[in-house]
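Each chain, written out:
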Amino acid sequence: MIFTDVLIAAPAIYLEYTKNCIQEKIQVSAQNCYKENKGGFTGETSPLMVKDLGLKWTFIGNAVRRNVFGETNEVREGSITLMFLSFTLNAINTSRTAR
């Protein structure tokens, strides 16, 4: 398991730039990745693409992508560390995420 104190989740087009601009003790995460490592999925960022940038993290399963795109936790394991986030705006606004 990987532990870090600070993690910045940058949009895909700024991942490399962000990684090059911050201190080594701060890690960078992709905001999302597609479930397949390779294939013809135009516009999608694969887990291997994130790994090729030297990144160890990506967020998947956030509430917006679950609600709008019907996404699930399905992703290829073994590529990078995955963080599953599923907070709805209502839960955040009512502080239910703290429990």
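Since this is a predicted model, take the numbers as computed values, not measurements.

Q: I'd love a proper account of the overall build of the chain, names of residues and values included.
A: Scanning the chain from N- to C-terminus turns up four helices and four strands. Secondary structure elements of the chain occur, N-terminal to C-terminal, as β-α-β-α-β-α-β-α. The buried share of the chain, reckoned over its 99 residues, is 23%. Of the contacts formed within the chain by residues at least 6 apart in sequence, a portion of 52% connects residues at least 24 apart. Entry remark: accessible area of the chain is about 7100 Å², with carbon and sulfur atoms responsible for 52%.

Q: Break down the packing of aromatic side chains for me, citing the residues and quoting the values.
A: Applying the stated rule across the entire model yields one aromatic pair. Here the aromatic rings of Y34 and F41 are separated by 4.7 Å at their centres, their planes lie at 40 degrees, and the arrangement is tilted. Judged by its relative accessible area of 34%, F41 is partly exposed.

Q: Got a sec to walk through the side chain of S46? Specific residues and values, please.
A: Looking at where S46 falls in the secondary structure, it is placed in the loop between β2 (27-30) and α2 (47-52). Beyond its immediate sequence surroundings of up to four residues, S46 is in contact with C33, Y34, E36 and N37.

Q: Can you tell me about the side chain of T18, naming the residues and giving the values?
A: Note on placement: T18 falls in helix α1 (residues 15-21). When sequence neighbours within four positions are dropped, the list of residues in contact with T18 reads I8, A10 and V28.

Q: Could you give me a rundown of the pairing of strand β1 (residues 7-10), with the residues and numbers involved?
A: Of the pairings in the sheet, the one linking β1 to β2 comprises four bridges and is parallel in character. The partner of I8 across the bridge, within β2, is V28.

How each quantity is defined
Residues numbered from 1 in each chain as written. Predicted model: local features only at pLDDT ≥ 70, side-chain atom pairs only at ≥ 80, totals over all residues. Heavy atoms only, no water. Helix = DSSP H or I, 4+ residues; strand = E, 2+ residues; numbered from the N terminus. Buried < 20%, exposed > 50% of the residue type's maximum accessible area, 1.4 Å probe, protein only. Contact = heavy atoms within 4.5 Å. Areas by Shrake-Rupley, 256 points an atom, 1.4 Å probe, with all protein chains shown as cover. Phe/Tyr/Trp six-rings, centres within 6.5 Å; stacked < 30°, edge-to-face > 60°. Pairing = 2+ DSSP bridges.

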